[in-house]
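# Examining the three-dimensional arrangement
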Amino acid sequence: MKNILTVVRRDLSAYFTSPIGYIFMIVFLLMSVGLYITSFFTFPVADMRAFFGNLPVLLCVFIPAVTMRVWAEERKENTWELLLTFPMKAHELVLGKFLAVFAFYAMSTAATATVPVMLAALGNPDSGAILCGYLGTLLLGAFFLAIGIFFSGLCKDQIVAFVVSLLACFAVFLLGTNFIASYLDGLFSEKSWLAGLGTTLGELVGVIEHYNSFTRGVIDIADVLYFVVWTALFLVLNGLYIDSRNRRGAKMAIGTAAALCIGIGLAFNWLILKQSFGRFDMTEDKIFTVSPASKAILSRLDTPVQVKLYITRKDKMPTGMNTLEQDVSDKLNELRLASGGNVEFTPVYLDVGNLAPEKEAREEKSGKPTKEEEVESLEKRMLDKGIEPFAVRAMERDQVTTKYIYSSLGIGYKDKQEEIIPQVMPETLPALEYRLVSTVFKLTRAKAPVVALVAPKEAINISPEMRAIYAQLGQPVPQTEDPFEYVEQALRLEKYMVERVELTKESPMPKEYDVLVVMNPRQLNDRQRWEINRALVEGKSVVLAVQNYYWDYQTTRSGLNLMKQEQQPDINPLLEKYGLGINDDILMDKNKLPLTVQSRGGSLQEMLMGQTVNIPIQMLVTSSSMDPETSITNRLANVFYIWGSALKLNEEDLKKHGLTAKVVMKTSASAWTAPADAPPADLQRAFTSPPADTDQYPLMAMVSGQFPDAYKDQPRPKWPAPRQMPGQPPAPDTSNEPEAEPATPAPGKLALLGCAQMFTKSFLRDSNLDLFMNTVDAAALGDELVNVRGQKQIDRAIDRPSDATRTLWKTINYGLMPIIIAVIGIGVVAVRRQSRNAYTLSFTEKS
């Protein structure tokens, strides 16, 4: 150990006694941190995955530049033979030099600490994932360092050592990418013995998948072993070369040893390829671990659930998806273990063939079906069950093609019909746990939960030309457009029974339902308010999303013209009975999201590409403004609260009625309002010049308790009479509704939002849909499923910092550490020069 430390001190000091070490560190910092900061403030997110994603390419260049001098410098300075005459063993020299260069690399990596410090100051980053990413960076660097030191020992010239190490590092990096693997796979047909070469090399040699596990925040023992074993093998090879460099047959011995070590490494990779030695989920919320809610739901099953994975065989999958079966199987295995064996799964392999129409005729002729016909029969049965192949993009040789594959899950429970989860893809794997557990949860219920959806459809004007086209196609001319179409589809996809009603006499409330969802109510009449009130009084769960205003953007050469259209929901007369309400003022926030609007004037580029509009009514609500303790919002990154309004909460009235209101979402602290009847000029000033006294406003509240009956001791209002035609006598009242039965009071729940436009298909982002589904799940099924849905990587958006803050952090990241390193370097050079001058002067005086 003493000899190793001696070599470490000698080589490490060599990096800092010349300018080259400081230059390497400064260049590495400017490139790694600079690439990340350049795009960071465009849409700031407290996440370092983009930073760690850039590092492998940078390290392929930086590390060979650092290691090229480790042994080649010894040859250049004629200290090679002198060093080898020291009473040290070869492995001590190799370990000493490796630890020295690793310490230098670790210092360079530590100098990037300004990035996580910035994220901690601006937002709420996942510290566990960041530390795990740095661990992966150190392990990847150690592997590349071992490669670089090995080739530095083989080469007499530093430039040659740099180029060879550069090629080797890029080779192990690129072989692990899907692009190269797909290209190599496409060079050979499926019948060739080299078929799947790219996939095999990627699995056995490629480094990127092992590194990516760390960037996600997961420490997999197999990935750690991969880096440790390959680093050790190259260090052993380096030691063998140093120890036997001058012996007879050294080249043959080194070549044989190199082939043997590489074979050992490849064999080791093959052995651990599909093995699980354990892993540690370092993320803050354990998003890669089966959630406690999933364990609770699955462990309560009295009969195991049967899961079938209908999938195309691995050898017929596109290269980028050939690990899909293993990934899905691993997830199902985790669920099986977490549930105590209540999840049983079986793979069913399907090949995409031709469902030939003449199949029946061939069977009649031959009597016994052929193997191909049996495959077609299986495919036909799968189609009848709803399991269909779908198209994915695949790369063959140098072309992008379309390939059809199977990848679906079938879930069976007791004697109920098998439920299908279609199109299980790599990008949908994070949501697989929720999709599976929610399906199981709903299968165990006596009946599917029913959602009564009240959402208006928009009348549309069809031009005569379009009417003619519809007529030629033999299709009916659409009269309305459904802005909430995607919301309804999402509910049905999650196995809810949706009853779409208009809340009119002709389309009344269903007799039985679990949740009432009212989206964008307009001009509610007294009877409609009575129906909503009755639902709350009788303990139903109600989701109410109200929109006060709609804004029409018109962009011209002269600028942006805004036209406000009032929606007139007329819901406040009911909400005020509970101590609630929707504020009529126009709400604005500094935290906003730009939109691209089609331009009606201006340059040709603006007319084709659109014009960016960034005004404060396009509010972006980030996680810092959401309640972290409520299951509905605690895993959301941000919500686009477009043209929404603030809520009114009267604490005295709420308390008087025994209602509990919890605000789960607010604006930022830099929000303000303007009167709804303000002149256009005043509104324009409010958009561009926010007041100094900004505030924070409630946007969504969860209200629970026994709601008072706003129509107590009053008869049930009648449905409005049909509109009287001009010149016609009023229509007689033919309604013979019986008296309403007395309400049966029970505690109810109300989710109240001051925005409905955020759920229309024009603005329905993933996070907005998550908010809606979380709210419905919590109302219909409880918080367990919401907690399962939250088990995914979230986008930790940061409130847009001020110009001064951006400038400060850019200066710190771009300049602080490089300046400190440069000052240290200049100081070391000055001290060394002073020491050398003092020594020369003392020697001269003695002479």
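Please read all numbers here as calculations on a predicted model, not as lab measurements. (Residues numbered from 1 in each chain as written. Predicted model: local features only at pLDDT ≥ 70, side-chain atom pairs only at ≥ 80, totals over all residues. Heavy atoms only, no water.)

## Considerations on the confidence of the model for the protein chain
The test is simple: Each residue carries a pLDDT score, the predictor's confidence in it, ranging from 0 to 100. The contact definition used throughout considers only heavy atoms, calling two residues in contact when any of these lie within 4.5 Å.
The predicted model of the protein chain averages 84 in pLDDT, with 87% of residues at 70 or higher. In the model, residues 354–366 has pLDDT below 50 throughout and makes 17 contacts with residues more than four positions away in sequence or in other chains.

## Remarks on the sheet that holds strand β7 (residues 407–412)
Which entries qualify depends on this criterion: A pair of strands is labelled paired if DSSP reports no fewer than 2 bridges between them. Secondary structure elements are taken from DSSP: a helix is a run of H or I of four residues or more, a strand is a run of E of two residues or more, and numbering for both begins at the N terminus. Helix axes are fitted only over the stretch in contact, all axes being lines through C-alpha atoms; the angle between N-to-C directions runs from 0 to 180 degrees.
Taking strand neighbours across the sheet as the criterion, the four strands line up as β4-β3-β7-β8 in an open arrangement whose pairing is mixed. Two strands bound the open sheet, and with one partner strand each, they are β4 (343–349) and β8 (419–421). On average, each strand axis in the sheet is inclined to that of its neighbour by 25°, with strand direction left out of account. By the bridge criterion, six bridges tie strand β3 (residues 305–311) to β7 in an arrangement that is antiparallel. Bridge pairing links L309 to L409 in β7.

## A look at the packing of helix α3 (residues 49–67) against helix α12 (residues 208–216)
For clarity, the cut-off: Here the angle decides the label: under 35 degrees means roughly parallel, over 145 means roughly antiparallel, 65 to 115 means roughly perpendicular, and every other value means oblique. Should the near helix be turned anticlockwise from the far one by less than a right angle, the crossing is left-handed, and should it be turned clockwise, the crossing is right-handed. Here the term charged refers only to Asp, Glu, Lys and Arg, the term nonpolar to Ala, Val, Leu, Ile, Met, Phe, Trp, Tyr, Cys and Pro, and the term polar to all other amino acids, Gly among them.
At their nearest, the axes of α3 and α12 sit 10 Å apart, and the two run at 155° to each other. With respect to their mutual orientation, α3 and α12 come out roughly antiparallel. For α3 against α12, the interelement crossing comes out right-handed. Counted together, R49, F52, L55 and P56 of α3 and I208, Y211 and T215 of α12 form the full contact between these two elements. Considering only residue class, the contact of α3 with α12 consists of five nonpolar, one polar and one charged.

## Brief notes about the pairing of strand β14 (residues 541–545)
Using the following cut-off: The cut-offs for exposure are 20% and 50% of the maximum accessible area for each residue type, with area from a 1.4 Å probe on protein chains only; residues under the lower value are buried, those over the upper are exposed, and the others partly exposed. We call a crossover right-handed when, viewed with the strands running away from us, the connection from the first strand over the helix to the second turns clockwise.
Most of β14 is tucked away, with five of its five residues classed as buried. Judged by which residues are buried, β14 turns out to be covered on both faces: S541, V543 and A545 on one side and V542 and L544 on the other are all buried. As paired elements, strand β13 (residues 515–519) and β14 share five bridges and run parallel to each other. Bridged to V517 within β14 is V543. Between the parallel pair β13 and β14, the chain is carried across by helix α22 (residues 526–537), and the sense of this crossover is right-handed.

## Structural notes on the sheet that holds strand β26 (residues 698–705)
The strand order β12-β9-β13-β14-β27-β26-β24 describes an open sheet built from seven strands, whose pairing is mixed. For this open sheet the edge positions go to β12 (497–501) and β24 (660–666), each flanked by a neighbour on one side alone. Across the sheet, the mean angle from the axis of one strand to that of its neighbour is 15°, orientation sign disregarded. In this sheet, β12 lies alongside strand β9 (residues 450–454) in parallel orientation, the contact comprising five bridges.

## Section: the packing of aromatic side chains
Note the threshold: By convention, a stacked pair of Phe, Tyr or Trp rings (six-membered ring in the case of Trp) has centres within 6.5 Å and planes under 30 degrees apart, an edge-to-face pair has planes over 60 apart, and any other such pair is tilted. In this analysis the charged atom, NZ for Lys or CZ for Arg, is taken to sit over a ring once it is within 6 Å of the ring centre and within 35 degrees of the ring normal.
Summed over the entire model, instances satisfying the criterion amount to 28 aromatic pairs. With centroids separated by 6.2 Å and ring planes inclined at 55°, the aromatic side chains of F214 and F227 adopt a geometry described as tilted. Taken together, the positions of F214 in helix α12 and F227 in helix α13 (residues 221–243) put the pair 13 residues apart, joining distant regions of the chain. The exposure class of F214 is buried, given its relative accessible area of 0%. Summarising the aromatic geometry, the rings of F759 and F772 are spaced 5.5 Å apart at their centres and angled 55° between planes, so their arrangement reads as tilted. Taken together, the residues span a long stretch of sequence, with F759 in the loop between β27 (748–753) and α27 (766–780) and F772 in helix α27 at a distance of 13 residues. As far as the burial class goes, F759 and F772 line up, both buried. Three or more aromatic residues joined by ring pairs form one cluster here, namely F143, F144, F150, F151, F214, Y226, F227, W230 and F234. Sitting over the face of the ring of Y513, K540 holds its NZ or CZ atom 4.7 Å from the ring centroid. Above the plane of the ring of Y486 lies K761, whose end atom (NZ or CZ) is 6.0 Å from the centre.

## Quick look at unusual backbone geometry
A positive phi angle, close to 55°, is found at D570, a residue other than glycine. Counting through the fold element by element, D570 comes out in the loop between β16 (559–566) and α23 (572–575). Overall, D570 belongs to the partly exposed group, its relative accessible area being 36%. Phi at D713 takes a positive value of approximately 65°, unusual for a residue other than glycine.

## Overview of the nonpolar core
Keep this limit in mind: Among buried residues, those of type Ala, Val, Leu, Ile, Met, Phe, Trp, Tyr and Cys that are joined through side-chain atoms within 4.5 Å constitute a nonpolar core.
The biggest cluster of nonpolar side chains holds 103 residues, and the ones touching the most others in it are L409, M665, F759 and L771. The contacts of L409, once residues within four sequence positions are left out, are V307, K308, L309, Y310, V328, L332, E419, I420, I421, V424, L432 and L436. Core analysis: the second largest hydrophobic core is formed by 84 residues, Y22, A65, A146 and Y211 among them.

## Focus on helix α8 (residues 127–154)
Quick note on the threshold: Working rule for helices: expected span equals 1.5 Å times residues minus one. Whenever a nitrogen or oxygen atom comes within 3.5 Å of another N or O atom, the pair is scored as a polar contact, on the condition that within protein one atom can donate a hydrogen and the other can accept it, and that pairs from neighbouring residues in sequence are kept only if both atoms are in side chains.
Taking 1.5 Å of rise per residue, the 28 residues of α8 would be expected to cover 40 Å, and the 41 Å separating its terminal C-alpha atoms lies within 8% of that figure. Summarising burial for α8: 23 of the 28 residues are buried, a large majority. Capping of α8 at its N-terminal end is provided by D126; its side-chain oxygen lies 3.2 Å from the backbone amide nitrogen of G128.

## Describing α12
Along α12, the residues that are buried comprise I208, H210, Y211, S213, F214 and T215. Elements that come into contact with the buried residues of α12 comprise α3, α8, α9 (158–174), α11 (197–204), β1 (218–220) and α13. G217 lies just past α12 and shows a positive phi near 100°.

## A look at the environment of V160
Note on placement: V160 falls in helix α9. V160 sits in the partly exposed class, given a relative accessible area of 42%. Residues V160 and A72, 88 residues apart in the sequence, show an inter-C-alpha distance of 9.5 Å.

## Some points on the environment of S291
Residue position: S291 is located in the loop between β2 (279–281) and α15 (292–299). For the pair formed by S291 and L335, sequence separation is 44 residues and the distance between their alpha carbons is 9.6 Å. Of the polar contacts made by the side chain of S291, one reaches the side chain of E433; its length is 3.1 Å.

## Thoughts on a nonpolar patch on the surface
Using the following cut-off: Patch definition: residues above 30% relative accessible area lacking any salt bridge, with like charges linked at up to 9 Å and the nonpolar side chains Val, Leu, Ile, Met, Phe, Trp and Tyr linked at up to 5 Å. Areas reported as accessible are Shrake-Rupley estimates using a 1.4 Å probe. Residue values count occlusion only from the protein chains shown. When a carboxyl oxygen of Asp or Glu lies within 4 Å of a side-chain nitrogen of Lys or Arg, that pair is called a salt bridge.
On the surface, a nonpolar cluster with roughly 250 Å² of combined accessible area is contributed by I23, V27 and M31. Considering the arrangement of structural elements, one finds V27 in helix α2 (residues 19–40). Looking at V27, the relative accessible area reads 40%, which means it is partly exposed.

## Some remarks on the pattern of salt bridges
Per the counting criterion, the structure on display carries 20 salt bridges. Close ionic contact of E488 with R492 constitutes a salt bridge, the shortest N to O distance being 2.8 Å. With E488 and R492 both in helix α21 (residues 485–493) and four residues apart, this pair spans about one turn of that helix. With a relative accessible area of 42%, R492 lands in the partly exposed category. Close ionic contact of K662 with D627 constitutes a salt bridge, the shortest N to O distance being 3.2 Å. You can see K662 sitting in strand β24 and its partner D627 sitting in the loop between β21 (618–622) and β22 (638–642), a full 35 residues away along the chain. In this structure K662 comes out as partly exposed when scored by relative accessible area, which is 36%.

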